[in-house]
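Descriptive structure summary
Single-letter residue listing:
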Amino acid sequence: MFRSAVKLITPWRLIMAAFLATGAVLVFFRFTRGLGSITNLSDQTPWGMWVGFDILAGIGLAAGGFVMAAAVYVFNLKKYRPIVRMAILTALLGYIIFIVGLILEVGRPWNMWRVITNPNIHSPLYEVSLCVMAYTMVLFLEFSQVFFEKFGWNRLMAVFHRLSVMLVILGALISTLHQSTLGTLFTIAPSKMHPLWYSPLLPVHFFLSCIAAGLGMVCFESFLSERFLKHPPRMDLLSRIARFMAVMLVAYFIFRIGDLAVRGVIGLAFTAGFAALLFWLENLLFVILPIIMVFRRGLNIGRTSLFIVSFSVVLGFIMHRFNVAITSFQLVKDAGYFPSWMEFVVTACLISAGFIAAGLAVHLLPVHGGETEKSKN
Amino acid sequence: MAIKSSGLLIDITRCIGCGACSDACKEINDLPPEIDDKLTAETWTVVREKDNDLHVRDLCRHCVEPACVASCLVAALTKTEHGPVIYDKSVCIGCRYCMVACPFQVPCFEWHSPNPRIRKCILCEPRVREGKSTGCAEACPTEATVFGDRETLVEMARARIKADPKRYHDHIYGLDEVGGTAVMFLSPVPFEDLDFNTDLVNYPLSDITWNILRQVPTIVAGGAVFLGASYWLFNRREKVKQAEQVVGPGPKKEADDV
């Protein structure tokens, strides 16, 4: 008994527990002394790390859910079935964490229900809120098949099978809308953002990049799943996903560079300075390195390479969202914003909570299964 | 008679920097008397002295088509028919998108309150509704800030520039910026020298977002057709293949029946 208790305590779990405990204290301060007591936000920088990471990057990285679901259920790519549940689970957890993060991020969360009663359809943020609510429900329904299987509710499972395609198509549509609209949010501030990141076509940038990033995350979490849950990654599937991801990255990059060229600001990318440095670092991580590594080895890409590629994509994608939400504003008018350690801890808390929930779900539910479905077909 | 939308004309050539406008604002709006050096949740207008000895007021511009109003997802910010852009805390979520959207960096947030509000100049809305002037315009000893309906103020500004072109830089700031603002400025020097945002478009910023949001029905319809058709195509192909495996590549009609 003592031994099993020792086994429960691992370094990673200790770190996560420390984050959660500190986070709980910080959340207390946030709700009693205001957002200013734990964040470095100001009237000049109203949106900081929590918007950039928890919301923009988090939602984008969860895009693997709708892309994989569409691949399997709409485009009939059945071989990806073993991955689709994990992708949907990640998306669902991602959105739940995002909603929790939002409750901490907005100043008056008790008014959030007003979105339903006081809609302003002219606000891109209204569309985002509506879609996030709807899509979280869709994800929950999509994931419900795992519960049906676990508890042997075959009649509900049959109902799910009949509705699954409708559900997946609905999910893909809603995702397309809000992933792109997260970009639309920023189109209203042309004079406040650096031209290397501002574009009236930001919704297209956001949509194209989230597909690649979502797939990158699917690969990345497969490696995490191996490391922490001892579930070996399906290299045969991941290498194909990586190839499609690379194609999407090429499309994104052509669009990104073309957009800069058409707007006549591409010169800024070659003007020595912090902006150009950030621009190339972002694109090196998100696009250039992954494309080179994937196309050089094709489907024979090794584990280590694929791990590096997926990590690089995730990192570069987060950097893009940070640059849009924070850096591009600071480059125009430096408000000296850098996240406080407390902002980092709260974010780490949310990620830890996600890990714990994912670990529990994989232990308790047939997430890596889908075997019954396979035998039915 | 239609209600005329009000505004302010601020003539920087007349401002002596006495700060009476800030004091009056504090009193009328029940704000603590200390005046901050920039706009904050408790200071809704400031007068800043520039290097060239000019004094420049900062306050909400009460845009004709405000970005903050368009951006607010719950319509906590609204533009009244009298001109002011006002705020309703009872619906506000505190998302601060209005602060991101505002090209003049006007809305401020109560960062240290557990029950925070967005705070900014409301163009003395309760007074303006009753046909009275704003507190700042009434307090101004040199008529550097003048209250009136926007059309009259534009005419007044044009007349001043015309009457004394040497005194004024030939531009009314706020006439066309972001589709026009209710608070407009006249200056003796170009506005970039006064740190005004001169990088603004001449149409409402909400046009940009609305032109994108307008596409939503098309995207939904197009996407639904694309995904629906894809599903039909990719699954039918498989059914045909299965049928062929069972009965061999028979006539087309048989395959359809499966």
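Check the entry above for the structure.
The sections below set out a description of the structure shown in this document. Per chain, residue numbering runs from 1 following the sequence as it is written. To label them, take the chains in the order written and letter them from A, then take the ligands in the order written and number them from 1. Under the rules for a predicted model, residues below a pLDDT of 70 receive no local features and side-chain atom pairs below 80 are neither given nor counted, while totals for whole chains, interfaces and linings still include all residues. Note that water and hydrogens are dropped before the side-chain values are worked out from all heavy atoms of the structure.

Moving on to the packing of aromatic side chains. Each Phe, Tyr or Trp ring, with Trp reduced to its six-membered ring, pairs with another whose centre is within 6.5 Å; inter-plane angles below 30 degrees give stacked pairs, above 60 give edge-to-face pairs, and intermediate values give tilted ones. According to the stated counting rule, one finds 30 aromatic pairs over all chains in the structure shown. Both rings, one in A:Phe279 and one in A:Trp280, keep their centres 5.0 Å apart while their planes meet at 85 degrees; by these two values the pair is edge-to-face. With a 1.4 Å probe rolled over the protein chains alone, any residue whose accessible area is under 20% of its type maximum counts as buried; one over 50% counts as exposed, and the rest are partly exposed. By relative accessible area, which is 0% here, A:Phe279 ends up buried. Centroid distance B:Phe104 to B:Tyr173: 6.4 Å. Interplanar angle 70 degrees. Geometry classified as edge-to-face. With a gap of 69 residues between them, B:Phe104 in the loop between α3 (97–101) and β6 (108–109) and B:Tyr173 in the loop between α6 (150–163) and β9 (183–186) connect regions that are remote in the sequence. Residue B:Phe104 is classed as buried on the basis of its relative accessible area, which comes to 10%. Relative accessible area serves as the criterion here: at 1%, B:Tyr173 is assigned to the buried category. In DSSP terms, a helix is any run of H or I states spanning at least four residues, a strand is any run of E spanning at least two, and both are numbered starting from the N terminus.

With that settled, the discussion passes to the sheet that holds strand β8 (residues 145–149) of chain B. Residues and elements named next belong to chain B. Across the sheet, 3 strands lie side by side as β8-β1-β9; this open sheet has mixed pairing. Lying at the two open borders of the sheet, with one neighbouring strand each, are β8 and β9. When the angles between neighbouring strand axes are averaged without regard to direction, this sheet yields 25 degrees. In the sheet, strand β1 (residues 6–11) pairs with β8 via 5 bridges, with the strands oriented antiparallel. Paired with Leu8 across the two strands is Phe147, which belongs to β8. The contact criterion used throughout is that any non-hydrogen atoms of two residues lie within 4.5 Å. For helices, the axis comes from a line fit to the C-alpha atoms of the stretch in contact; other axes are also lines fit to C-alpha atoms, and the angle between any two N-to-C directions lies between 0 and 180 degrees. Where α6 meets the sheet, it contacts β1, β8 and β9, and its direction lies at approximately 130 degrees from that of β8. Strands were regarded as paired on the criterion that DSSP finds at least two bridges between them.

Moving on to the interface of chain B and chain A. One frequent convention defines the size of an interface as the accessible area lost when the parts assemble. Between chain B and chain A, the residue contacts involve 60 residues of the former and 60 residues of the latter. The term buried area denotes the loss of accessible surface (1.4 Å probe radius) that occurs when two parts are joined, taken as the sum for both partners. For the pairing of chain B and chain A, the buried interface totals around 5000 Å² over both sides, and the portion due to carbon and sulfur atoms is 62%. We count a salt bridge whenever a side-chain nitrogen from Lys or Arg sits within 4 Å of a carboxyl oxygen from Asp or Glu. In this structure, the connection of chain B to chain A is made through 1 salt bridge. Here B:Arg96 and A:Glu105 are joined by a salt bridge, their closest N and O atoms 2.4 Å apart. Classes in brief: Ala, Val, Leu, Ile, Met, Phe, Trp, Tyr, Cys and Pro nonpolar; Asp, Glu, Lys and Arg charged; the others, Gly included, polar. The class makeup of the residues in the side of chain B that touches chain A is 39 nonpolar, 15 polar and 6 charged.

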